[in-house]
Each structure stands twice: as C-alpha cells, then as structure tokens.
Amino acid sequence: MKNLVNEIKRLKEEKNAIILAHSYQNIEIDEVADFVGDSLYLSRQAEKTNADIIVFAGVYFMAQTAKIISPAKKVLLPNLNAGCLMADMINHEQIVSFKNKYPGVPVVCYINSTAEVKAECDICCTSSNALEIVKSLNTSRVLFVPDANLGKWVEKQLCGVEVITYDGNCPVHHNIQKTDITNARQKFPDAKILIHPECKPEVSELGDYVGSTSGIIDYVKKCKEKQFVIVTEKGVSDRLKRDYPDREFILIRDNMLCESMKLTTLEEIWHALEYEVNEISLEEDVRKRSSNCIDRMLKVSV
Ligand code: 13P
Ligand code: SF4
C-alpha cells in the first residue's frame, strides 16, 4: 500500500498530473489526492490547474465536467463504471421534452447530470450554490433538473420563485425519512444535525444546517459543538472522524453509501495514471454547449 501511494505520487510528478477527489471517496484516496472536496470546489480546481493530466477520483459526471472546463487537459476516470444514479435519471430526449412543456422558462441544471443534458440548459449549479444561481436569474419561474429535492428546497428558501422540478433524485439521500431525523433528535438531543439538500425538503428543514459536503465539513470546523448527526454519504463522516477525533459523529443510517463513489481504488488510480487510460472525451459541439452552462455558473458563483 505504501509503495502504491509513493508510486502514484512519483507518477504525478513525472507526468505533471493532479488528483481531484470527492469527499465520498474511500478515505485512503486522500493520501494521493491534491484536492478533496465538493463538486464546486473540484470544478474550480479543474479550472485553475496548470497540470497536463487530471485524474478524477469521483463519478463520471464530475470527470466529464472537468473535461468541459479544461478541454486541453487529459482527464482520466480510474473506474469507468463509476456513474451517478441521479445523473442517469435524465437523458437528452427527456430534457428536451421537459423544456418543451415550458417554453421560455430558464433551465437550471444540477451538476449531477451528463454533458448532453447540460448542453440543453441555461445555467449549472451545485448543492453549494443552487440558491445563489436561481436568485441570479432574477425571474419568478425556473425549471430545475434533475434533482427534485434540491429544486424544491431552493423554492422553499426563495419565497416568490416557482421552481418546476424534474422527477429525479439521489436514492442514497432520498431514502431518508423525517422519522430518521426526529428519532436522532430524541436519541442525541445535544447533537447538531447536518443535512445534504439532496434529501427531501421536509427532511432538510428539520436540520440545524443544510449544505453541500464541503459545507457540512466547514460547519463542523467553525463550531465548537462536540456531537453531530451526519445526513449524507459515509465518506463525509469518515473524514470528520479522522480530522476531529475528540468529537462524535453519528451517521444517520449505516447504509449511507454511494456504491459508485466507492468503486475507485488506489490500484485503479495507479493504473489510469501509469498507462493514461480511461480518458474522458466529448463531441466538440456538446462540449461547447455544456461549457456555456458551466461557465455561466462559475461567473456567478465566487
Ligand atoms: P456535493 O456537491 O455536495 O459534493 O454533492 C455531490 C453529490 O453527488 C452529492 O450526492
Ligand atoms: Fe449520484 Fe447520489 Fe452518488 Fe451523489 S450520492 S454521486 S447523487 S448517486
């Protein structure tokens, strides 16, 4: 294992490569990662880097987004089976027919979507900037794809904006029920409950804080409380336990696991980097149109 870590680090230097890792990845990936964080943070790193190769330890849409933002770079996804259940809920035909039902209404696209879907949308957003992005449109009606929960959460926060949502969700978060939160409150009355907005809005509104994976980690960093209930994928609570051994983190359910996020291994990272395989490619027309959607977000959201 140590040799593998050293070998990956050596390859990164030799090939001027960086490794971006999402906070849901297996925790040992952090040993070789240059940046670990949420979707927005990692997109920003893909935009800023001078590296020639980006290895994305995450899921397909994340690596694809890095390629859209940095087309001249080689973007590698160590395990090509790492998809996203939510992104797979909407394809090109479905976004087009959804838009056709509401002509003229701007379309906000959650980053958890394919390039083909982004290419049909006006502006992208992530869980950390969805409110800011919808607000920036200055309109009373928007379409929001594919995450109905995040869209409806945004609508609740921004009184006066109608958010018409597509019927997609992340099963990992969508399965959480209000009773999971009320039971946790009863069992851990002093704990702060931190929730990802991919949960149902009626679940999110029971939390002490609602935010992206990095938002949840930052919340813990900034506050002095000792006990937290984490309502998102296990990778976040694993990292919090590692970084704050004097505090207690309770994962809302044992099965908060994104199987796709857990596919990537150190061996696969090494293999992708050594042989420069599993490269992400895109048709130029789709890349350009999806790039407009992402660029618009990166301009609005600082
Ligand atoms: P974040 O942008 O909060 O990292 O969310 C990505 C994701 O896939 C959550 O399920
Ligand atoms: Fe997709 Fe859900 Fe996994 Fe996030 S946790 S990558 S939304 S399947």
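None of the values given here were measured: they were computed from a predicted structure.

Undergrad: Please give an account of the site of ligand 1 that cites residues and values.
TA: Taken together, His22, Tyr24, Asp38, Ser39, Tyr110, Asn112, Ser127, His173, His196, Glu198, Ser212 and Thr213 make up all the residues around ligand 1. Taking Tyr24, its side chain carries an N or O atom lying 3.4 Å from an oxygen atom of ligand 1. Within the side chain of Asn112, a nitrogen or oxygen atom sits 3.0 Å from an oxygen atom of ligand 1. When isolated, ligand 1 has an accessible area of 300 Å², and the protein chains bury 96% of it. Looking at the shell around ligand 1 residue by residue, the class counts come to two nonpolar, eight polar and two charged.

Undergrad: With reference to specific residues and values, describe the packing of aromatic side chains.
TA: In this description, a pair of aromatic rings is defined by centroid distance and the angle of the planes. For the structure on display, the rule yields seven aromatic pairs. Summarising the aromatic geometry, the rings of Tyr244 and Phe249 are spaced 6.5 Å apart at their centres and angled 55° between planes, so their arrangement reads as tilted. According to the relative accessible area criterion, Phe249 is buried, its value standing at 6%. On the numbers, 5.9 Å between centres and 85° between planes, the contact of Trp270 with Tyr275 is edge-to-face. Accessibility expressed as a relative area gives 47% for Tyr275, which makes it partly exposed. Taken together through their ring pairs, the aromatic side chains of Phe98, Tyr102 and Tyr166 make up a single cluster.

Undergrad: So what's going on with the sheet that holds strand β6 (residues 123-125)? Residues and values would help.
TA: Strands sit in the order β6-β5-β7-β8 across an open sheet of four strands; the sheet is parallel. In the strand order of this sheet, the two ends are held by β6 and β8 (162-165), each with one partner. The mean inter-strand angle of the sheet, taken between neighbouring strand axes irrespective of direction, is 30°. Across three bridges, strand β5 (residues 107-110) lies against strand β7 (residues 141-145) in parallel orientation. By the bridge assignment for β7, Val108 is matched with Phe144. The strands touched by helix α4 (residues 92-100) within the sheet are β5, β7 and β8, with β7 carrying the most contacts at an inclination of about 165°. On top of the sheet, helix α7 (residues 148-157) reaches β5, β7 and β8; it is set at about 175° to β8, its chief contact.

Rules of the game
Residues numbered from 1 in each chain as written. Chains lettered and ligands numbered in written order. Predicted model: local features only at pLDDT ≥ 70, side-chain atom pairs only at ≥ 80, totals over all residues. Heavy atoms only, no water. Near = heavy atom within 4 Å. Polar contact = N/O pair within 3.5 Å; in protein donor to acceptor, adjacent residues only side chain to side chain. Areas by Shrake-Rupley, 256 points an atom, 1.4 Å probe, with all protein chains shown as cover. Nonpolar A, V, L, I, M, F, W, Y, C, P; charged D, E, K, R; others polar. Phe/Tyr/Trp six-rings, centres within 6.5 Å; stacked < 30°, edge-to-face > 60°. Buried < 20%, exposed > 50% of the residue type's maximum accessible area, 1.4 Å probe, protein only. Pairing = 2+ DSSP bridges. Helix = DSSP H or I, 4+ residues; strand = E, 2+ residues; numbered from the N terminus. Axes fitted to C-alpha atoms, helices over the stretch in contact; angles between N-to-C directions. Contact = heavy atoms within 4.5 Å.

Geometric values such as these leave the question of function open.
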